[in-house]
Structures are given as C-alpha cells and as structure tokens.
Amino acid sequence: MSSVQIRDVRKSFGNFEVLHGVSIPIEDGEFVVLVGPSGCGKSTLLRMLAGLENITSGTISIGDKVVNNVQPKERDIAMVFQNYALYPHMTVADNMGFSLKLRGAKPEEISNGVKRAAEILALTPLLERYPRQLSGGQRQRVAMGRAIVRDPQVFLFDEPLSNLDAKLRVAMRTEIKELHQRLRTTTVYVTHDQIEAMTMADKIVVMHDGIVEQMGTPLELYDTPANQFVAGFIGSPAMNFLKGKVKSNGSAGFEGPNGVKLPLMSAPANSEGKPAVYGVRPEHFTIADDGAEAEIVVVEPTGSETQVFAKLGGEQVVAVFRERHQFNPGDKIRLKPDPALVHLFDETTGKRLNA
Amino acid sequence: MADVALQPRTARRPIREASRWDLIKANRNYLGFWFMLPAMVFLVLFLAYPLGLGIWISFTDARIGRPGAFVGLENYEWLWGDSIFWLSVFNTLLYTSVASVIKFAIGLYLALLLNENMPFKAMLRALVLIPFIVPTVLSALAFWWIFDSQFSIISWSLKQMGLITDNINFLGDVTWARICVIFANIWRGVPFVAITLLAGLQTVSPSLYEAATLDGATSWQRFRFITYPLLTPIIAVVMTFSVLFTFTDFQLIWAMTRGGPVNATHLMATLSYQRAIIGGVLGEGAAISNAMIPFLLAAIMVSWFGLQRRKWQQGENND
C-alpha cells in the first residue's frame, strides 16, 4: 500500500489537450473516486496512472517514486477494466494466477494466492470454469480477484459496474466497499455515476472538461458545492437552479424568475441587486404558507418518497417529499426552500457566493 | 373513452382454421428448400457430377474420343508401379509442406506487423494484397521471365555485382526449379494468410493486451499467452485452405515449368493433366486426380478436429 501524488498532470492527443493540469493527492489506504461526465478525462487520468498512456507533462508518483517513466508492470498496480478483460481461453484460476505465473512464481505459490483471493470473493466453486460460463457479476468478481492476487500497492477501477444490471450494481458496490475496508489498499475508482461516487468514496474528485472542479468528502461536496457544475452533478434528483438577483428588502432575499420571492439566510457582501443563480436541492423544499406559489405538473411517487415537478415563477423545479401529500396535476402549492440550505452561485463564473 | 374510439365499423369475420396450404406456405422447411435449390443444382452439376464422373472414368480405359470399358482397379495398379507418379506425390507433399509452413510464418509476421499502429497503415494493408489480385497465370509468366535461363534479371544483377560469372539455370536444374516454384507459390499465397490472420487479430480486444501488460507480460509473452491461443481457430481455417489450394496447385507450375525438368516439379494435378489431356489417357489421368482425394480428406480431417469448438469457446454467450 502507498500514497499516490498526481501533480499538475497534463495530457494532449496531438494538439488537443484533454487534461489541463490536474493535481490530486491520494493518501495511503484512501478510496478515491474520480467522477464526471463522459469526456471529462477521468479514464485517461486512470490509464496514465496505470501506465497505459504516457504523461504529457506533470508528474505522477506512487509511494515516493515518480513513475512517469516506469513500465506498467513495474508500477505494482492492478486494474479492473470496464469489460473485465478476462482472458477467454483461461479458466478462472488461470486468469487469477496469470500475473504470478508471469512473475515466475512456483505452482504452489500461485495456487495458494489464487485460493486466498477466491475465498475472499467466494469464487472457490468457479475456479475451473471459463469466463464464458460465468454471469456478469461473477466475471466482475473474477476481475477483482485477478487484482487481489497481485497484492498491489494501488487498485485501479475503470467503471467496473457499468456493465451490470441495476440490482447487481448496488450489490457489487457494497462488496467493493467492504473489500476495501478489509484490505485497506489505496484505490482509485473511476465512474460517471455520482451515486457510486457518493456511496463508496472517502474522497470524491469531480472532473469536468479536463480540470478538477472540486475535491472533498461526499458530504462536503453535497453540502457546499464549490460551483454550479458540482452542485448540479452531485445529488439526485439534481439541484434546481433559478436565475434572478439578490434583493434584500430589510432582510436578505432573492428575486427569482418573474419576480418570485425566495428566502436567503444572508446576502453575500456587496451583492445587492447583482444577478445570480439560486440553487435549492429538491429535498430542501417544504410546503409552507409563506412559500412561493407553484403549479404542479407531474407527480411521481416512488413509495419511500414523492417527486413533484412544478412550475415556480414559470420555471420547472422538482421537489421531493418524504411525507405523503395528496397532489394532483394543476394543483397550486406553496413551496418554501430551507434558507439555511440554499446555495447561491455567480451567474457568469458559476462560483459559489454564499458561505 | 377507449371503447368509443375502438368501436368496430364492420362485423368481424369468423376465425378461419388454417388450411393445409396455409401451413405449407408458413412452413420454414418448405421455404428453406426453395432457397437452397439454386445452390444445390449448381453444386450437383458442377461438383458432384464431375467428381462422380472422374471416379467412374478412373475405373475405365477411356481415351479421348473413346468411351472405354470398365477395367476395375487396373489404372490404380498401374500407377502403383509408376515411379513418375510416386515422384509427383513426393513433389506435391514437398511443395505443399514447405510452401505452407513458410506462408504461415511470413503471413503471421506480416499480420502482426500490420496490426500495429504505424503510418500509412491502410495503404500498406492494401499493398500486401497485390500478389493475390494479380491473375495467377500473369504472375507465373512474370516469374518465368525472372527465372529465365538467359534473360533472368536475378542472374543479370548478380553478374553486374560480380558475384557470379555464368547465368543460373533456375528452371533447368532440379533443386533450383523446385525452389523457384515454391518461391512463386509463397509470393502468391502470403497475402491470403496475412489478411485473414490480420482480420483474426483485430477481433482480439485491446483491453486483453492492456490487462496482460499490467499483469507483467512482455511482448513475447503477450503473443504466446494471449494472441496465439485466441488466434488458433482462425489459424486452423486459414491453413486448411492454404494447404488445399497449394496441394491442388496447377496454374503456377504449368505456366512456369510444365512439370520439368525431368518431372522434378510435376505435381499430381499437373501430371494428371499431362496424362489425361495431353497424352489422351483419360482413365489414368482420372486415377491420378483421385489419388489426391485421400490426402485432401486427411487435411480436412485435421482442420475439422482443429476447428472443434474449444472448451473456452463453449457456454452461454451473454457478453
């Protein structure tokens, strides 16, 4: 196990720069999730860490050693691929033991290593099968087993759950997290799914267009997103954004679209009258008599909660309630954001304005 | 609301039981038969009939212009004691084995090379096909000139360089003639092997190589443990075809040497042609042709077992 330092790393394909100076410190034993929309450079960064892509500038170090010019096999990392990349002509045991075999380990050493990993992942009854004879979840576990056998310094996961069905994905998510709690191996995990990121990570790195938008624990990112992109990306359903301007009338407040009055805890300094974006998460709306009037468009009950799509000042917003209301399309309700939990962003830069 | 919109305007017709003719029309086997018929007629006319006729003629003493009478195995008994026939068998086996092994080696090398990322990849891949698209007789004629005893460009170049003083008698010397026809066959056959193996290589997922790289495999180990095992089904197919084509080769030999010198390059196909068409002894020629059948069957059996789905290819395919 060891720490990983990514310092001002850039990557260009020809003249096209896809990573514009990314720095991420990763502590020993930490579970870091790189998350972002497709094309943000997260997979490229992971492949650079693995040594499958070269580094245009900047440095990556594993432990104390800069690995820019170190061959992939010398980096002591193991990677789980999105399509698992299991060798189709080898049994599960051979797949898992392949790296040891290449290292020139003795047969009993290989079988011990494979057995140990198979026990951790409950793969023992499948060891003599071929990848084709396995289900998606089993293949996924074999791919992880192959990584565990190597006992590497760092685990790399490249969207490992995206080929699984929804139910299995949730189960594997827990399994991977549990595995990490047991092995405590430094892990870098790439996904585009913010729920995976929120549930598994010690630290989330939100990437967008080749830069790091924000880095922090899941709850930090949820509670205080640094900008509008992170605010919209983390959380489901996504945060509602309403354009308008700060307008304090005695107490702090915000004038939304079509003059809708929305509450603010405190206006940022020198912000009076300035255009801004008001962000409120769906779960932070309440029904209150002093709320803003909204007309219900669609009601979607999920059992544990109800999602309500409504027009607020002409803009569609979504609110989530855990209590059961009797709502019908066309009903008028009064929605009030919790002023302590609203977010204010600069209209042009998207930067967070309130503390 | 829905029942208003869906009110039938006319009375429904009573449900009719399917007639026999309806069932036949919907029967996939019946339809399949009609789709298969053209191919079947073609195969019977141009493959099964000539093959059957060839086997029949080999049991007669037919000559050109004379139907001939049934003579049983006489033609085969005669061949058994014919040293030229046995020489042609030896030549064919030598020609096929040497040419196939070298074609496989060069073809695999080229395929691996063309599978790498390099400049002008598409153009190079197209260039490799050139020997394959030139008509065989044309390339044979070109080789005939290249290996000509007086005007050979090879002899001329070597003389200019001062390496030899006299022309090499390429097609007049037993060993040289064999080397030359094998060389020409390799030149012609490599593109087929290379392009087919290249197609096979491209079905191997790049992530397998990446996984192997991370597992610590050198490029030789990646070939040995990943590429080669995954390519074996394709290798079996391409080498079967290559062996069949080489074993039955006729054009190249006939255009370059006509089996000479002193029958040193006579293959079974050329000997059969010479005896049956040039010599007019149809029965004996047919017998020589039929003598190829056991060898070809053996080659097909080898590939049949080589092509058996391996254990790792079995099982459900849900990826």
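Shown above is the structure to which this text applies.
Anyway, here's the lowdown on the structure attached to this text.

So, how was this worked out
Numbers given to residues run from 1 along each chain, matching the order in which its sequence is written. Chain labels run from A onward and ligand labels from 1 onward, assigned in the order the entries are written. Side-chain atom pairs in this predicted model are given and counted only at pLDDT of 80 or more, local residue features only at pLDDT of at least 70, and totals for whole chains, interfaces and linings cover all residues. To qualify as a helix, a DSSP run of H or I must reach at least 4 residues; to qualify as a strand, a run of E must reach at least 2; elements of each kind are numbered from the N terminus. Residues with at least 20 neighbouring C-beta atoms inside 10 Å of their own are called buried, those with 12 or fewer are called exposed, and the rest are partly exposed, where every C-beta is derived from the backbone. Contacts here follow a simple rule: the backbone-placed C-beta atoms of the two residues must lie within 7 Å. Both definitions apply: the radius of gyration is a C-alpha atom measure, and the globule rule equals 2.2 Å times residues to the power 0.38. When residue character is reported, Ala, Val, Leu, Ile, Met, Phe, Trp, Tyr, Cys and Pro are called nonpolar, Asp, Glu, Lys and Arg charged, and the others, Gly included, polar. What a helix should span is 1.5 Å times the count of its residues minus one. Working note: the arc is built from the helix axis to C-beta atom directions. Two strands qualify as a pair provided that DSSP identifies no fewer than 2 bridges between them. Here an angle of 0 to 180 degrees is reported between the N-to-C directions of two axes, which are lines fitted to C-alpha atoms, with helices fitted over the stretch in contact.

1. Observations regarding the overall build of chain A
On a plain count of helices and strands, chain A comes out with 8 helices and 19 strands. Considered along the principal axes of its C-alpha atoms, chain A spans approximately 80 × 45 × 35 Å. Every one of the 355 residues in chain A was classed for burial, and the buried ones make up 41%. Within chain A, counting contacts between residues at least 6 apart in sequence, those at least 24 apart form 65% of the total.

2. Considering the overall build of chain B
For chain B, the helix and strand inventory stands at 15 helices and 0 strands. For 319 residues, the compact-globule estimate of 2.2 N^0.38 gives 20 Å, and chain B exceeds it by more than 25% at 28 Å. Principal-axis analysis of the C-alpha atoms places the extent of chain B at approximately 105 × 70 × 35 Å. Counting the 319 residues in chain B, one finds 30% classified as buried. Partitioning the contacts of chain B with sequence separation of at least 6, the portion at a separation of at least 24 is 68%.

3. With respect to the interface of chain B and chain A
Listed by partner, the interface residues are 20 residues for chain B and 20 residues for chain A. If you list the elements that add at least two residues to the side of chain B that touches chain A, you get helix H11 (206-214) and helix H12 (219-247) of chain B. Looking at the side of chain B that touches chain A element by element, the count peaks at 6 residues for H11 of chain B. Its residues assigned to classes, the side of chain B that touches chain A shows 8 nonpolar, 8 polar and 4 charged.

4. Here we look at helix H3 (residues 107-120) of chain A
Residues and elements named next belong to chain A. Here H3 spans 20 Å end to end across 14 residues, near enough to the 20 Å set by a 1.5 Å rise per residue. For H3, every residue scored as buried is listed here: Ile110, Gly113, Val114, Ala117 and Ala118. Buried positions in H3, seen along its axis, are confined to an arc of 130° and lie on one side of it. Residues of H3 that are exposed and point more than 90 degrees away from the buried face comprise Glu108 and Glu119. Along its buried surface, H3 packs onto helix H2 (92-102) and helix H4 (136-149).

5. Some details on the sheet that holds strand E9 (residues 203-208) of chain A
All names here are of chain A. Pairing in this open sheet of 6 strands is mixed, and the strands run E6-E7-E8-E3-E9-E10 from one edge to the other. Two strands bound the open sheet, and with one partner strand each, they are strand E6 (77-80) and strand E10 (211-216). Across the sheet, the mean angle from the axis of one strand to that of its neighbour is 15°, orientation sign disregarded. One ladder, built from 5 bridges, connects strand E3 (residues 31-35) with strand E8 (residues 186-191); its direction is parallel. Opposite Val32, over in E8, you have Val188 as the bridge partner. Contacting E6 and strand E7 (154-158), H4 crosses the sheet at an angle of about 180° to E6.

6. Details of H11 of chain B
Among all positions in H11 of chain B, only Glu210, Ala211, Ala212, Thr213 and Leu214 of chain B are buried. On its buried side, H11 of chain B packs onto helix H1 (42-50) and E6 of chain A together with H12 of chain B.

7. A closer look at the sheet that holds strand E2 (residues 16-26) of chain A
Residue and element names in this part refer to chain A. In space, the 4 strands of this open sheet follow the order E2-E1-E4-E5, with antiparallel pairing throughout. The open sheet has two edge strands, E2 and strand E5 (65-66), and neither has a second partner. Examined bridge by bridge, strand E1 (residues 4-13) and strand E4 (residues 57-62) share 5 bridges and lie antiparallel to one another. Its bridge partner being in E4, Arg7 is matched across the sheet by Thr59.

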